[in-house]
Amino acid sequence: MSFWFWNGLRRGIQTTSYPKAMELEAGVSPGRPLATSFTSSADAERAAAQCPVGAIVVRDRLADVELGRCIHCQRCHFGARYPLDWNYDYEWTKASGGGHDFRPLPKPYRNSLHVIVVDAGDCGACLHEVKQLNNPLYNVHRLGIFFTPTPRAADVLLVVGPVSENMRVPLQKTYEAMPDPKRILAVGACAITGGVFGRTAMSAGGISSILPVDLEVPGDPPPPLAVLHGLLAVTGRKDLVVC
Amino acid sequence: MSGLIQGLLLLFFVACACGIVLSAAFRGKATLRIIAALSTVCSVALMLSSALALVSGEGPEARLWILNGFGSFTLQLDALSSIFLFICGLVYLPASLFVARYLAHLFHDRYPARRFGVLHFSLMGSVALVLVAHDAYSFLISWECMSILCYFLVNYEQNPSTDTRAGYIMLAMSEAGFLCIVLAFLIAGRTATDFSFPALAAAAVHLSRPALWGVFLLGFLGFGVKAGIVPVNFWLPRCYTAAPPAFVPILAGVTLNLGFYGILRLNVDLVPTHGWGTGLVALIVGSVTALVGILYATTENDMKTMLAHSSIENAGIIVAGIGASMIFRGSGFAVPAAIALTAALYHTANHSVYKTLLFQGTGEIEAATGTREMDRLGGLARFAPGLSAVFLVACLSISAVPPFNGFVSEWLTLQSLLRSAVLPSSFVKIVFALCGAMLALTAALAVTCFVKTYAMSFLGIKRGAWEPNSVKVFGRSHFSSVYLAVACLLLGVLPTFVVPVLNRAIEPITTASATASLVPPFFTATEANHQLPPAFLEDFHNLGAQTGSKIVPGRGLVLLVRGAEQNPVIFAMSPSYSIVALALLLLLTWFIVTRATRARIVARNELWAGGIPRLLPEMSYTATGFSNPVRVVFQAVFRPNIVEDTRETVAVHFRTAIVRRREEIHLVDRLFFHPIGDAVSWFARLLAGMHHGKLNAYIAYTLGFLLLILLLYRLT
Amino acid sequence: MTATRTKDAAVERLDWDALIADLQQRFQCDVAATDSGAIASAQINDISSLPALCRFLFWDVGCGFGGLIVEEGPQSWELRYIFLAHFSGWLEILVRLPLTTTSIPSISAEVHAADWHEREAEDLFGLQFEQHPRLGDFVLHDQFWGEGVAPFRKRFDITKVHANGQHNVSWRPLLVVRDPGAFAMPVGPVYEGGIGESVHFMLETVGEDVLRAVPRLFFNFRGVEKIAEGRNVAEALLLAERFAAKSSFAHSLAFCSSVERIGGANVPVRAKQLRILLSELERLRHHTGVITGICESTALAVSAAHAAMLEERLLRSSCAFTGHRYLFGLNTPGGLRRDFTEQQCHDLLDAVRKAEEQLRTLEDRLSFTSSFLDRLEEAGIVDLERARDLNLVGPVGRASGRGHDLRKECPYGLYDQYAFQVPREKQGDGYARLRVLFQEAYQSAHLIRQVIASLESGPVHELCQPTRGVALGWVEAPIGAALHWLRLDESGRVERYRIITPSFNNWLGFHVAVEDFAFQDFPIILATFGLSATECDR
């Protein structure tokens with residue numbers, strides 16, 4: 001049994017140095033499309049037509065990207081006739097802007113944040129990415145972030161999925177069971193805008209129709225570092241993306 | 001003084017007689033009022049007379065009448081009788097008030113309360129007679145009256161759902177026990193002048209060893225039937241469960257003590273044995289009884305049955321204490337014997353008080369909700385806060401939690417077992433150690449059992465179909481419950497006052513006083529203990545031994561057990577100090593918490609259950625689930641038979657029901673009565689083979705028997 | 001309808017023609033080939049002989065049960081019972097009923113695996129199956145949805161929000177254990193174990209062992225099949241990819257293969273090879289994830305950390321290779337959307353080699369950790385008979401002795417040209433399932449090496465413009481066999497899309513096979529099954 005111990009020591013430290021320094025290893029993030037200028041607005045329109053969910057908005061010759069809608073289908077990237085510029089970063093969190101300003105959690109929560117994760121109809125990708133935060137490569141425990149199974153001890157409600165009808169009431173109950181102060185983090189395109197599922201009789205098309213969302217982490221799925229950025233932004237340790 | 005005591009006793013008997021007559025004369029609610037009023041008078045008379053007898057040291061004697069050739073029927077109130085009489089009076093008061101209240105609430109005019117009243121007062125009278133009887137005849141006659149009256153009261157409610165067999169079994173066992181007691185007295189009085197207790201005591205010194213053992217075994221088993229020790233206690237759980245709730249508190253709180261009184265009177269006071277053999281038997285039997293009792297109590301879900309098994313457990317502890325005392329006395333160590341006997345008597349008093357309270361509470365619960373199953377209760381505390389508080393006090397007491405009374409007597413019992421270091425024989429010391437371990441295990445299981453009882457019945461969600469409103473009606477706390485709860489607290493907090501009182505009964509028996517060891521006077525400011533070296537006293541003084549002696553009036557607040565004179569080892573326990581300290585700590589905590597959290601917002605929300613729509617009663621922990629680990633660990637004792645384990649399906653792959661039933665045969669039944677029953681049946685079948693109806697054979701039997709008698713006559 | 005016979009065949013190749021003859025004569029079926037040619041369709045005229053026919057196929061002949069496809073046609077209901085005659089081909093039993101039919105004989109007494117298919121059909125279409133032991137409260141949870149909603153019928157308007165936000169407070173779970181001291185511990189849907197999918201269990205117990213664990217699924221039900229109706233193929237592909245992300249490539253492959261069958265496309269060789277590469281990469285990563293879950297459930301923290309790191313590295317390698325960690329956006333009808341350079345393939349090969357090495361080391365160490373093995377051995381045993389009865393698929397079924405794998409039985413793509421083994425164990429306990437997972441992971445690595453070594457050059461995409469048609473696409477997803485059945489109308493839009501996932505099959509098997517276990521073993525047994533609730537829920 002001691003071989004586990006020695007083996008662990010031999011492997012050394014594998015954890016990323018984010019947030020102190022940016023993680024640059026290949027494959028940590030699928031990246032995102034950037035706003036791209038085209039030579040003509042007709043080209044920009046054709047570029048926008050490539051997007052199946054309408055995440056590209058054309059302003060004159062600029063094809064701007066509404067990242068909250070992006071589902072990472074990459075149809076504007078690989079093999080596209082009108083490809084958009086691409087950036088392999090992962091700090092994407094923005095305020096939801098749903099009628100209230102975002103205030104980060106007060107200072108005592110900076111190094112001791114408890115998160116409860118609710119799967120409200122998620123496909124499994126966003127949930128899996130959040131789960132990856134516990135592995136030694138990311139290890140959120142060193143940052144004082146913990147995942148708790150009970151909402152009574154949670155500060156942040158992290159929701160993934162477009163809120164299927166059967167999960168609507170459990171999600172609401174979870175939110176109500178949390179004590180103040182609390183914040184809601186919507187992770188993934190499904191949680192923000194409903195993703196490919198949209199707003200139907202079977203799913204609500206995003207959390208904002210049910211709960212007051214504070215921060216949104218776009219992506220389908222957002223990589224673990226993007227979710228980590230979101231969690232750090234809840235307490236103000238990282239800045240939000242302004243758009 | 002003696003006249004006053006005699007007068008009070010006379011008042012008691014007169015009041016009993018009045019009670020019998022008046023109960024028979026009136027009907028309906030009036031009867032209940034008579035029961036309440038006259039019982040109060042009787043109980044107070046009993047308590048006063050016994051208290052005065054103890055305090056003054058005089059025991060009045062009354063010679064009733066003298067029968068030629070048999071001797072006199074005398075009654076005397078000596079110290080041992082006074083203690084038991086006081087306990088009896090102490091418990092009878094609330095129990096009778098409970099009877100009156102219970103019958104009034106439930107049965108109104110349709111219940112034959114008149115007959116109940118007659119029986120009630122008769123029983124009270126016969127119990128008192130048993131306790132003050134001073135010769136074998138009056139003792140045995142009043143004992144038999146008491147047994148029969150108990151039977152009538154147990155089988156009082158005759159409706160299809162009651163188990164009348166339980167009453168018959170109790171009667172049969174009582175009669176068998178009575179036979180043993182009669183035989184014991186006969187053996188004891190073989191060489192005595194007459195059958196009065198002093199004569200028996202005088203004759204006891206001349207008894208041969210086998211005769212002493214015979215007296216002990218017969219007396220122990222005979223009185224053990226009433227006391228509830230293994231293996232003669234199998235009537236107890238059945239009987240307590242079947243008895244009407246109005247009567248069970250008296251059955252548990254008063255008549256159980258008569259068994260202990262009998263053992264103490266016959267085997268410890270009148271006919272003590274030399275050596276440690278008999279004491280060892282008592283100790284082992286007591287410990288085993290305690291363990292078996294609590295095991296079955298922990299896994300039982302019917303509250304009354306559980307309390308019955310718990311009574312068996314407590315009886316075991318008391319008998320173990322008595323056994324330890326007998327061993328010490330037989331080996332010549334009088335002081336440890338006195339300590340052990342103090343523990344036993346203290347535990348008797350405590351047990352009466354909290355067991356009566358528990359049974360009263362159970363009666364209230366049954367009246368309010370209609371069920372006694374712990375699996376069907378739950379959430380009662382919200383609807384009946386008064387009952388809940390009082391029941392909690394009783395549960396804490398029986399679990400031996402300070403500052404209540406159970407703690408003092410259990411502590412004393414275990415301490416007295418530890419005194420076994422002074423004994424010479426190592427075999428006895430090993431047995432002491434094992435029995436001590438068994439009693440410690442018993443104490444732990446008792447905590448489990450009563451945590452389960454209180455939590456499953458009073459806390460949590462309502463699991464059964466009963467109406468909360470009826471609980472509110474029955475659930476107020478009443479004088480009788482609060483009285484007993486306060487008695488629990490006082491007996492626990494003021495042991496230093498109780499021990500000298502008990503000592504008055506113990507000193508004549510063991511010829512040593514326990515007071516000096518248990519509550520030594522050196523803690524008081526006025527007296528100095530000259531037996532101890534001054535340096536020792538000085539150390540204790542520096543440690544603060546005098547603390548509180550000037551603040552709190554009366555004797556010192558500490559109850560302690562002292563070792564040998566040369567190198568005294570002190571084990572000390574102070575319930576009074578601990579309750580004061582506890583109160584201070586709680587006050588301090590409350591103060592800090594309220595000040596520190598003044599700015600906090602409190603939000604109330606429903607119970608979190610994982611997001612399901614509603615937390616249903618089926619989803620809460622049941623009593624069976626709680627006690628399952630005990631059942632699994634002690635499987636060898638329980639040996640459950642799985643009677644039914646069916647899996648019903650609608651389709652081959654679709655389950656609709658999994659039904660499991662298990663049956664258990666009690667350990668005592670398995671080991672004693674079923675084999676004995678089988679042996680008796682076998683023998684009876686053998687004998688039945690003789691009855692075949694052939695006349696010639698019968699003539700041959702007669703001839704053979706005649707020859708046998710002639711032969712015997714010839715030989716002797 | 002030919003098939004190759006391989007060495008580790010668990011079932012003998014049956015006489016296909018004799019089977020067809022039997023169907024025609026004994027059961028009066030009209031047998032024909034379907035449009036796509038991949039399935040033989042036997043239409044049954046007398047509905048009352050349906051249970052007997054299914055019993056004949058499942059038990060006497062030994063076919064596997066694929067699933068039930070319900071379609072509301074313009075004039076009639078069309079029910080298709082899909083059976084797989086191992087190594088011979090697919091067979092569908094077609095039942096046409098008028099739209100006014102109120103009840104259909106249930107086959108769940110004969111084929112137990114059909115139990116949930118029929119319950120789903122009842123909830124979503126309103127069809128009543130006679131003598132089914134339990135209908136209702138399956139997909140549409142009773143406390144939120146009313147009765148008679150039938151959301152998959154044509155008349156249901158999915159854009160309108162179903163006005164039932166209140167929940168029914170008189171809902172009670174169906175409890176099975178009858179004992180005065182019995183109680184049921186509720187677990188979930190907001191899972192008490194930390195980060196997990198939304199599943200709800202009622203663990204019924206009398207205080208010692210858990211006698212029964214009843215799962216309540218479909219908390220993640222998003223109605224993917226219904227949403228897809230009316231969408232064109234490119235949009236429906238997005239749905240196929242994204243309803244279950246951990247097997248995303250496999251499901252998108254099944255969808256694409258059914259579209260290709262309808263359109264008659266000829267997928268280039270390089271595309272087929274790359275598809276195998278990506279499928280096996282996904283399988284390798286998925287199995288590593290399940291192994292991580294098993295190590296976590298037994299609380300062997302160091303091994304869980306190692307496995308989790310391994311999985312993260314595979315995710316990163318996937319992203320570096322394809323641009324997406326979960327392989328979204330690669331498949332398209334007619335091939336792949338993008339190509340890969342040689343350097344990228346070499347990097348991937350490197351990464352896979354390292355991963356396989358580390359997996360082997362992990363397996364070796366785990367097999368020496370007796371405390372770990374103690375918890376897995378004899379936990380959640382499913383014997384071969386039970387596995388057959390419940391139609392368990394995938395690694396779970398193979399751990400119990402069922403050696404079926406669609407890559408061998410109905411080879412798709414180019415699987416018949418590569419050498420690989422299908423591992424099989426007999427014990428059916430947790431340790432057997434773990435061993436199967438490891439072995440399959442190694443076989444996936446082996447396949448990836450073979451593909452990269454033999455990669456041909458050429459295009460990766462051929463245009464595929466499907467119009468009206470119906471086809472079945474199948475794939476061996478990491479969890480087991482998955483079927484995607486598709487009907488397109490003349491403009492190439494989806495008319496009916498039916499997804500039968502392996503998790504759907506195996507969840508039924510899980511709750512029936514697991515009875516009488518110690519409460520502490522519950523998370524371990526759940527982890528060894530490696531099931532996905534969201535794949536089942538769609």
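The residue numbering used here restarts from 1 in each chain and proceeds along that chain's sequence as written. Think of it this way: whatever chain is written first is A, whatever ligand is written first is 1, and the rest follow in order. Selection of residues for local features in this predicted model requires a pLDDT of at least 70, selection of side-chain atom pairs for listing and counting requires 80 or more, and totals for whole chains, interfaces and linings are taken over all residues. In computing side-chain values, all of the structure's heavy atoms are included and hydrogens and water are not.

Engineer: Which parts of the structure should I look at to understand the sheet that holds strand β4 (residues 62-65) of chain A?
Structural biologist: In sheet architecture, strand pairing relies on hydrogen bonds along the backbone and comes in two forms, parallel and antiparallel. Residues and elements named next belong to chain A. We treat two strands as partners when DSSP finds at least two bridges between them. Helix and strand assignments come from DSSP, with helices taken as H or I runs of at least 4 residues and strands as E runs of at least 2, each series counted from the N terminus. Taken in spatial order, the three strands make up an open sheet running β2-β4-β3, and their pairing is antiparallel. Edge positions in the sheet fall to β2 (36-37) and β3 (56-59), since each has one partner strand and no second. Of the strand pairs in this sheet, β2 and β4 are connected by two bridges, and their pairing is antiparallel. For Ser37, the partnering residue across the bridge sits in β4 and is Leu62.

Engineer: Sorry, what's going on with the confidence of the model for chain A here?
Structural biologist: In regions of low pLDDT, the predicted coordinates are not meant to be interpreted in detail. A residue's pLDDT is the predictor's confidence in that residue, given on a scale from 0 to 100. Of all residues in chain A, 98% attain a pLDDT of 70 or more, and the chain-wide mean is 87. By mean pLDDT, helix α1 (residues 2-11) of chain A is the weakest element of chain A at 79, and strand β9 (residues 156-160) of chain A is the strongest at 94.

Engineer: Please clarify how the packing of helix α7 (residues 269-297) of chain C against helix α16 (residues 522-529) of chain C should be interpreted in this entry.
Structural biologist: When two helices pack together, their arrangement is given by the angle between their axes and by how far apart the axes lie. All names here are of chain C. Contact geometry for α7 and α16: axes closest at 8 Å, N-to-C directions at 170°. By the angle between their axes, α7 is roughly antiparallel relative to α16. From α7, Val290, Gly293, Ile294 and Ser297 reach across to α16, where they touch Pro523, Ile524, Ala527 and Thr528. Basically, the charged four are Asp, Glu, Lys and Arg, the nonpolar ten are Ala, Val, Leu, Ile, Met, Phe, Trp, Tyr, Cys and Pro, and anything else, Gly included, counts as polar. Taken together, the residues of the contact of α7 with α16 sort by class into five nonpolar, three polar and no charged. Lines fitted to the C-alpha atoms define the axes, with helices restricted to the stretch that makes contact. Angles between their N-to-C directions range from 0 to 180 degrees. Each angle gets one of four labels, with under 35 degrees taken as roughly parallel, over 145 as roughly antiparallel, 65 to 115 as roughly perpendicular, and the rest as oblique. Whether two residues are in contact is decided by their heavy atoms, any of which lying within 4.5 Å being enough.

Engineer: Is there a simple way to think about the pattern of salt bridges in this case?
Structural biologist: Oppositely charged side chains are able to pair whenever their charged atoms sit close together. Residues and elements named next belong to chain C. A side-chain nitrogen of Lys or Arg and a carboxyl oxygen of Asp or Glu constitute a salt bridge if their distance falls within 4 Å. Applying the stated rule across the entire model yields 50 salt bridges over all chains. Between Arg353 and Asp350 there is a salt bridge, with the nearest N and O atoms lying 2.6 Å from each other. On the criterion of helical spacing, the pair formed by Arg353 and Asp350 is a turn pair, its members being three residues apart in helix α9 (residues 342-366). Judged by relative accessible area, Arg353 falls into the partly exposed class, the value being 41%. In this structure, a network of salt bridges that share partners links the residues Glu280, Arg283, Arg398, Asp405, Arg407, Glu440 and Glu476. Relative accessible area decides the class of each residue, using a 1.4 Å probe on protein chains only: under 20% of the type maximum gives buried, over 50% gives exposed, and in between gives partly exposed.

Engineer: Can you walk me through the packing of aromatic side chains in this structure?
Structural biologist: Two rings from Phe, Tyr or Trp (for Trp, the six-membered ring) form a pair when their centres are within 6.5 Å of each other. A pair whose planes differ by under 30 degrees is stacked, one over 60 is edge-to-face, and the rest are tilted. Scanning all chains against the criterion turns up 49 aromatic pairs over all chains. Here the aromatic rings of A:Tyr18 and A:Tyr90 are separated by 5.4 Å at their centres, their planes lie at 80°, and the arrangement is edge-to-face. Note that A:Tyr18 is positioned in the loop between α1 and β1 (32-33) and A:Tyr90 in the loop between β5 (86-87) and β6 (94-95), a separation of 72 residues in sequence. Both residues of the pair, A:Tyr18 and A:Tyr90, belong to the buried class. Measuring from centroid to centroid gives 6.4 Å for C:Phe218 and C:Phe221, while their planes differ by 70°, and the two rings are edge-to-face. Here C:Phe218 and C:Phe221 have matching classes, each one buried. Taken together through their ring pairs, the aromatic side chains of C:Trp77, C:Trp116, C:Phe125, C:Phe138, C:Phe152, C:Phe218, C:Phe221 and C:Phe504 make up a single cluster. Any Lys NZ or Arg CZ found within 6 Å of a ring centre and within 35 degrees of that ring's normal is scored as a charge over the ring. A:Lys182 extends its terminal NZ or CZ atom over the ring of A:Tyr175, reaching a point 4.1 Å from the ring centre. When the ring centre of C:Phe420 is taken as reference, the NZ or CZ atom of C:Lys408 above it lies at 4.0 Å.

Engineer: Sorry if this is basic, but what is going on with a nonpolar patch on the surface here?
Structural biologist: Residues and elements named next belong to chain B. Patch definition: residues above 30% relative accessible area lacking any salt bridge, with like charges linked at up to 9 Å and the nonpolar side chains Val, Leu, Ile, Met, Phe, Trp and Tyr linked at up to 5 Å. Using a 1.4 Å probe, the Shrake-Rupley method yields the accessible areas, and only the shown protein chains count as cover for residues. Together, Trp682, Phe683, Leu686, Leu687, Met690, Leu695, Tyr698, Ile699 and Tyr701 make up a nonpolar patch on the protein surface, roughly 890 Å² of accessible area in all. Broken down by secondary-structure element, the contributors of at least two residues to the nonpolar patch are α26 (667-688) and α27 (695-715). Topologically, Tyr698 is positioned in helix α27. On the accessibility criterion, Tyr698 (31% relative accessible area) is partly exposed.

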